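The primary structure of each chain is shown beneath.
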Amino acid sequence: MNYFLNLVTSGLVIGSLYGLVAMGFAIVYRATGMVNFAQGEVMMLIAYISFSLATIPGIGFGPLLVCVLAVSVLLGLAIERVFIRPMLGEPMFSRVMVTIGLAVVIRSVVILVWGVEPTAFPRPFGNAVIRFAGLALYPGQIFALVSLAVLCVLMWLFFSRSRIGIAMRATSNNETTALLMGINVKRISGIAWALSAVFAAFAGLAFCLMFSLEPEISQMGLRGFPATILGGLDSVIGGALGGLVIGVFENLAGGYLGRGLKEIAGFVLIIVVLMVKPYGLFGQREIERV
Amino acid sequence: MRSRTYQVSYAGLVSLSTQPATWWWSFAGLALLALAPAWFGSHGLNMLTTIFVVSIGVLGLNLLSGVAGQISLGHAGFLLIGAYAQAILTTDYRIPTLLAIPMAGGVAAVASLVVGVPSLRLKGLYLAITTLAFTFIVRHVVLFAEEVTRGSAGMPVEALSVLGVSFKGDQRFYYAALAMLVLFVFITLNLMRTRIGRAWLALRDHDIAARAMGIDLMRYKLLAFMVSAFYTGVAGAMVALQTRFVNVDTFSVLISIEALAMIIVGGMGRVHGAILGAALILLLPELLNLGFDAAGDGVRTLMADRIYEIKGLMYGVVILLFLRLEPEGLAGIWRKSKRFWVQWPLSQ
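A. Seen up close, the overall build of chain B. Secondary structure assignment for chain B yields 16 helices and four strands. The C-alpha atoms of chain B give 21 Å as radius of gyration, which agrees with the globular expectation for 348 residues (20 Å, within 12%). A principal-axis box enclosing the C-alpha atoms of chain B has dimensions of 60 × 55 × 45 Å. Sequence separation of at least 24 residues holds for 75% of the intrachain contacts in chain B that already meet a minimum separation of 6.

B. The arrangement of the overall build of chain A in detail. Each helix and strand counted, chain A has 12 helices and two strands in total. Written out in order from the N terminus, the α and β elements of chain A read α-α-α-α-β-β-α-α-α-α-α-α-α-α. Over its C-alpha trace chain A gives a radius of gyration of 19 Å, about what one expects of a compact globule, namely 19 Å for 290 residues. When its C-alpha atoms are laid out on the principal axes, chain A stretches across 55 × 50 × 35 Å. Evaluated residue by residue, chain A yields a buried proportion of 49% over its 290 residues. In chain A, 77% of the contacts between residues at least 6 apart in sequence involve partners at least 24 apart.

C. Molecular detail of the environment of A:Phe158. All names here are of chain A. Checked against the element boundaries, Phe158 lands in helix H5 (residues 139–160). Given 17 C-beta atoms within a 10 Å radius, Phe158 is considered partly exposed. Residues Phe158 and Leu213, 55 residues apart in the sequence, show an inter-C-alpha distance of 31 Å.

D. Molecular detail of the confidence of the model for chain B. Residue-level pLDDT values for chain B average 84, and 95% of them are 70 or greater. Interface confidence in the predicted complex, given as ipTM, is 0.80; pTM for the same model is 0.85.

E. Representation of the packing of helix H1 (residues 2–32) of chain A against helix H11 (residues 236–257) of chain A. All names here are of chain A. Viewed as axis vectors pointing N to C, H1 and H11 meet at an angle of 145 degrees, and their least axial separation amounts to 6 Å. The handedness of the crossing between H1 and H11 is right-handed. The residue inventory of the contact of H1 with H11, partitioned by class, reads 16 nonpolar, 11 polar and two charged.

F. Structural view of the interface of chain A and chain B. Contact with chain A, which involves 36 residues of that partner, is made by 35 residues of chain B. Counting residues per element, the ones that place at least two in the side of chain A that touches chain B are helix H4 (92–114), helix H10 (225–231) and helix H12 (265–276) of chain A. Considering every element that reaches the side of chain A that touches chain B, the biggest residue donor is H4(A), with 16 residues. A breakdown of the residues in the side of chain A that touches chain B according to their chemical character gives 27 nonpolar, four polar and five charged.

G. Local environment of the nonpolar core. Ranked by internal contacts, the top residues of the largest apolar core, which has 195 residues, are A:Ile46, A:Ala47 and A:Ala203. By residue number, the principal contributor to this core is helix H8 (residues 185–210) of chain A, which donates 18 residues. The residues that make up this core include at least three from each of domain 1 (39–251) and domain 2 (254–348) of chain B. Filtering out sequence-adjacent residues up to four positions away, A:Ala203 remains in contact with A:Leu17, A:Leu20, A:Val21, A:Met43 and A:Met220.

H. Helix H3 (residues 42–67) of chain B, seen in detail. All names here are of chain B. Under the 1.5 Å per step criterion, the end-to-end length of H3 is 35 Å for 26 residues, consistent within 8% with the ideal 38 Å. Along its length, H3 reaches its greatest deviation from straightness, about 30 degrees, at Leu61. Across the 26 residues of H3, 19 count as buried, placing the element largely inside the fold. Of the residues one or two after H3, Gly69 is the one with positive phi, at around 75 degrees.

I. Representation of the domain arrangement of chain B. All names here are of chain B. Split into domains, chain B comes out as domain 1 (39–251) and domain 2 (254–348). For domain 1 versus domain 2, the distance between C-alpha centres works out to 23 Å. At the junction of the two partners, domain 1 supplies 23 residues and domain 2 supplies 15 residues. Breaking the side of domain 1 that touches domain 2 down by element, the ones donating at least two residues are H3, helix H4 (75–92) and helix H8 (170–192). At 13 residues, H3 tops the list of elements feeding residues into the side of domain 1 that touches domain 2. When its residues are assigned to classes, the side of domain 1 that touches domain 2 shows 13 nonpolar, 10 polar and no charged.

Conventions used here
Residues numbered from 1 in each chain as written. Chains lettered and ligands numbered in written order. Predicted model: local features only at pLDDT ≥ 70, side-chain atom pairs only at ≥ 80, totals over all residues. Helix = DSSP H or I, 4+ residues; strand = E, 2+ residues; numbered from the N terminus. Rg over C-alpha atoms; globule rule 2.2 N^0.38 Å. Contact = placed C-beta atoms within 7 Å. Buried ≥ 20, exposed ≤ 12 C-beta atoms within 10 Å, placed from the backbone. pLDDT = per-residue confidence, 0-100. Axes fitted to C-alpha atoms, helices over the stretch in contact; angles between N-to-C directions. Left-handed = near helix turned anticlockwise from the far one by under 90°. Nonpolar A, V, L, I, M, F, W, Y, C, P; charged D, E, K, R; others polar. Core = buried A, V, L, I, M, F, W, Y, C linked by C-beta atoms within 7 Å. Domains from an automatic or database assignment. Expected span 1.5 Å × (residues − 1). Bend = angle between axes of the 7 residues up to and from the residue.

Laid out in structure tokens, this is it:
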């Protein structure tokens, strides 16, 4: 039973990372109808920038977090403005390929600048195990779980209460109508990219606090896909739930079935799920006219 | 002025080539390629062989993504299956190497049903991600089915031999690869002008409309996946025969992205585009080497340990530039420049 509980807990922790990645995918999909294949690389870039910021002597975790968030918002806006907006109106295939090209470029630049060796990231909360109700968690793991929970609540409020969030929902529903209703569609797309970069920042920080700073971070983008699909590409909160489910499922498969199944359990699960529900668990069915 | 648009019969519209001159140019080009071993050293010849082999796989991906409109990030998986099928069939089952090549393609085609069947209900990005999942799963299965595949150690591959004639050595294998590419170009060109090819085009442009016109979506989507996987499986077998060794690490997810870059750079849905794109992307690192030679030893030693990243950077920048500036790719540039010269001095 203890073994089971441990598997579930560490599954939830890794799942919250997947969830953060999936929410980043979903918010871009919701606002612009495309998948950002560079999400993992944006996460990697922000993690490396925050490492450089963290080496400034005397910087506390609070100021660091503020700086990192500012950087990620600027980065998201810049990517949208330079690479994504000029592609508006192009076929989906080209728009998605732009993000794939961007992913390759960012990964290469980061490795060229910061090198390929893993580096230990500073641990602002120390490295002591925190025991809570019979479970042992590291501070980095708690950071991941708490960020996912807080961001989920904020996103729910954002989409249901705030003016911009509702405008974003309108845009994803019908871009032309939203434009006619006076919504600035271009600004909405910029905000979506900035928000997705913020999710990437939290995911990147959580990854660094749990493991170390390494180029493998960019792999989290691909590994976050099952969560995104399970939750439905267009559902932000669904992505968070999908992440937790995939994380636990992977850990249980790895723990009880073994043979490295952990690595692919998520992918097998989504192939099965998509055969039954082609738009994920929480995704909306697209209705199209000929 | 030549005109290619005036046709008086249906047969004329779907014929392989409207101009006899096209045939002569093709033969002249082929003759030049056949004489290439006389000029190129072993490195250049190997490069050309790689371009031919990769082009076969890219032609397959082009049929699926460019012609039938189904985005795939899973072709690294098919390539891997083809290469391992070739290695296992010739080593463990003693099947003649030439016979094993189409069998490797067949194995990949059967495996493609694993992605093809879920794809029947999926579209666009959901499909792309499912195919990505397929690559991960295939790599994993190959790594862990050690009894059959030798796991992470990889396995050696027998050289190609046809009816007792061995194709060992760069020069001989060059001709084998060239012959294979010509065969597949011919098959593709013919496939595109049949009912199947046109059905795929309709499916790409609007699948629901295509269904209303009487095209069986399920059949043609699965067929597109199987044919595309067959091509890529054959390319995988040829890769195995060229390198004489297969290993999972050679076939990372990046291969799928490189292949997509090739069809974008070349021009979506065009046969000559696929080959031009493969050639350009594969020759980029060579250009880089030339640049380093020009810059001198200092720069070369400085950049030597970063070569992989610089290559990645170049791929990415080339993809971005083509998407922004020339979405039709090299095939589009070719078409425009040809029109310019044909209509000169009236061209605009």
